Amino acid sequence: MTELREDYEVLVIGGGAAGLSGALMLARARRSVLVVDGGEPRNAPADGVHALLGHDGVPPAELLARGRDEVHRYGGHLTEGRVEAVRRDGDGFEVTLADGRRVRAGHVLVATGLVDELPEVPGLRERWGRDLVHCPYCHGWEVRDRPIGVIGSGPMSVHQTLLFRQWSDDVVYLRHTAPPLTDEQAEQLAARGVPVVEGEVAAVETAGDRVTGVRLRDGRTVDREVLTVAPRMVARTGFLAGLGLRPQPHPSGMGEYLPADESGRTEVPGVWVAGNVTDLSAQVGAAAAAGARTAAMINAELVNEETRRAVEARRDARGWVTTNPL
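Computed from a prediction, not measured in an experiment: that's the story for all the values here.

A. The nonpolar core, seen in detail. Core analysis: the biggest nonpolar cluster contains 24 residues, and L11, V86, V110 and L240 have the highest contact counts within it. When residues in this core are grouped by element, the largest group, four residues, is from strand 6 (residues 102–110). Here V110 is in contact with I13, F239, L240, V271, W272, V273, A274 and V277, once residues within four sequence places are set aside. Residues A27, L64, L78 and A111 belong to the second largest nonpolar core, which totals 21 residues.

In structure tokens:
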């Protein structure tokens, strides 16, 4: 555990792809930066990170370990812990950790990601990240040509079904609790050869350590080897409530996110966001890119402030020399 300083230029909350990428950018910019991470990465159950150029298939834990080493190499500090509260402290912020430690920072970069809320179906959570997946771009290749069942859970479920149809011609849409199909959606699924099964899913059926299908409430079973679902995604930002920052409903209906501008700046000056906390659908590569971009914006703001102070100091000094020639 890093011995914490009392004051940092930037505190990064969250040590996933977005947070570590942002911290790396800041450390390379010679900023004092601390990363606080709770050790609960969203993709921990997955065997590998996919569609990440140069790192396709790398285990999530290995990717994060590399990132932490890189941040440390450039002088960045890292510590395990959970942030309990962030409050305004003069022109910066005081951050309190759950174990009682406190640090101060001029800027805060929030990269805590999100929580996936799955339907309340017995057996579903246990398969998450294995043979229960949600993102075709993350897992589609690995489940290609296998029988896939999409469990309807929200407004994006039909879109998700049509996407997974790209990777397999044996896809079944299990409507479950999703809204009834519109005529257009029914036509789309029929045109792509996707059967629709009405009725709520009561449980996931398994044999050994693999999914074999689902059981409906009326007793019917549907054989499947892979299940997919669109979880409700909720940004992890409870510790920001004291600043008035709370997750908002996402326009897509996918869940709740923390709004920000294109640079990652929130409505609270000095608080920035990057990754899934503000972009619910971002994959690892996009989250890392957002972390780097937002970190560059933070550094630019710090440079501007330092330049402003330097100009004021220079003007004050020149004024003193003019009136005091000796």
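Here the narrative resumes.
B. Looking closely at the pattern of salt bridges. If you walk through the whole model with that rule in mind, you get 27 salt bridges. The salt bridge involving E9 is made with R31; its shortest N-O contact spans 2.9 Å. Taken together, the positions of E9 in strand 1 (residues 7–13) and R31 in the loop between helix 1 (17–28) and strand 2 (33–37) put the pair 22 residues apart, joining distant regions of the chain. With a relative accessible area of 24%, E9 lands in the partly exposed category. R265 is the salt-bridge partner of E301, the closest N and O atoms lying 2.8 Å from each other. A residue pair is termed long-range when its members are at least 10 positions apart, and E301 in helix 6 (residues 284–323) and R265 in the loop between strand 18 (255–257) and strand 19 (271–273) qualify at 36 residues. The class for E301 is partly exposed, based on a relative accessible area of 29%. Take R265: its relative accessible area is 32%, and that puts it in the partly exposed class.

C. Seen up close, the side chain of R165. Its location among the elements puts R165 in the loop between helix 4 (157–164) and strand 10 (171–174). Salt bridges are absent for the buried R165, whose nearest opposite-charge side chain, D169, sits at 5.8 Å. Polar contacts involving the side chain of R165 include one to the main-chain carbonyl oxygen of S168, which spans 3.4 Å. With sequence-adjacent residues up to four places away left out, R165 is seen in contact with V171, R192 and V194.

D. How the structure looks around the environment of G199. Position of G199 among the secondary structure elements: in the loop between strand 11 (196–197) and strand 12 (201–207). Residues G199 and L216, spaced 17 residues apart in sequence, show a C-alpha to C-alpha distance of 6.4 Å. If we skip the residues at most four places from it in the chain, G199 touches H176, L216 and R220.

E. Fine view of helix 1. End to end, helix 1 covers 16 Å across twelve residues, agreeing with the expected 16 Å (1.5 Å per residue, within 8%). Among all positions of helix 1, only A18, G19, L20, S21, G22, A23, L26 and A27 are buried. Following helix 1 by one or two positions, R30 has its phi on the positive side, about 65°.

F. Seen up close, the pairing of strand 5 (residues 92–97). The buried fraction of strand 5 amounts to six of the six residues, a majority that puts the element mostly inside the structure. In terms of strand pairing, strand 4 (residues 83–89) meets strand 5 through six bridges, oriented antiparallel. The residue bridging R87 from the neighbouring strand is E94, located in strand 5. Between strand 4 and strand 5, which pair antiparallel in sequence order, lie two residues; one of them, G90, sits at a positive phi of approximately 65°. Pairing between strand 5 and strand 6: four bridges, direction antiparallel.

G. Structural view of the packing of aromatic side chains. This structure, assessed with the given rule, holds one aromatic pair. A cation over an aromatic ring shows up here: R5 above the ring of Y8, its NZ or CZ 5.1 Å from the ring centre.

H. Up close: the sheet that holds strand 9 (residues 148–151). Taken together, the five strands give an open sheet; going across it, the order is 8-15-9-10-11, and neighbouring strands pair in parallel fashion. Single-partner strands in this sheet number two, and they are strand 8 (132–133) and strand 11. With four bridges connecting them, strand 9 and strand 15 (residues 226–229) associate as parallel partners. Counterpart to V150 in the pairing with strand 15 is T228.

I. Highlighting the packing of helix 1 against helix 2 (residues 60–73). Direction vectors running N to C along helix 1 and helix 2 enclose 20°, while the axes themselves pass 9 Å from each other. By the criterion of interaxial angle, the relationship of helix 1 to helix 2 is roughly parallel. The handedness of the crossing between helix 1 and helix 2 is left-handed. Taken together, the residues of helix 2 that come into contact with helix 1 (itself represented by A17, L20, A23, L24 and A27) are L64, G67, R68, E70 and V71. For the contact of helix 1 with helix 2, the per-class residue count stands at seven nonpolar, one polar and two charged.

Here is what the cut-offs are and how they apply
- Residues numbered from 1 in each chain as written.
- Predicted model: local features only at pLDDT ≥ 70, side-chain atom pairs only at ≥ 80, totals over all residues.
- Heavy atoms only, no water.
- Core = buried A, V, L, I, M, F, W, Y, C linked by side-chain atoms within 4.5 Å.
- Buried < 20%, exposed > 50% of the residue type's maximum accessible area, 1.4 Å probe, protein only.
- Helix = DSSP H or I, 4+ residues; strand = E, 2+ residues; numbered from the N terminus.
- Contact = heavy atoms within 4.5 Å.
- Salt bridge = Lys/Arg side-chain N within 4 Å of Asp/Glu carboxyl O.
- Lys, Arg positive; Asp, Glu negative; His and termini not counted.
- Polar contact = N/O pair within 3.5 Å; in protein donor to acceptor, adjacent residues only side chain to side chain.
- Expected span 1.5 Å × (residues − 1).
- Pairing = 2+ DSSP bridges.
- Phe/Tyr/Trp six-rings, centres within 6.5 Å; stacked < 30°, edge-to-face > 60°.
- Lys NZ or Arg CZ within 6 Å of the ring centre and 35° of its normal.
- Axes fitted to C-alpha atoms, helices over the stretch in contact; angles between N-to-C directions.
- Parallel < 35°, antiparallel > 145°, perpendicular 65-115°, else oblique.
- Left-handed = near helix turned anticlockwise from the far one by under 90°.
- Nonpolar A, V, L, I, M, F, W, Y, C, P; charged D, E, K, R; others polar.

Limitation: the analysis is restricted to geometry and does not speak to function.
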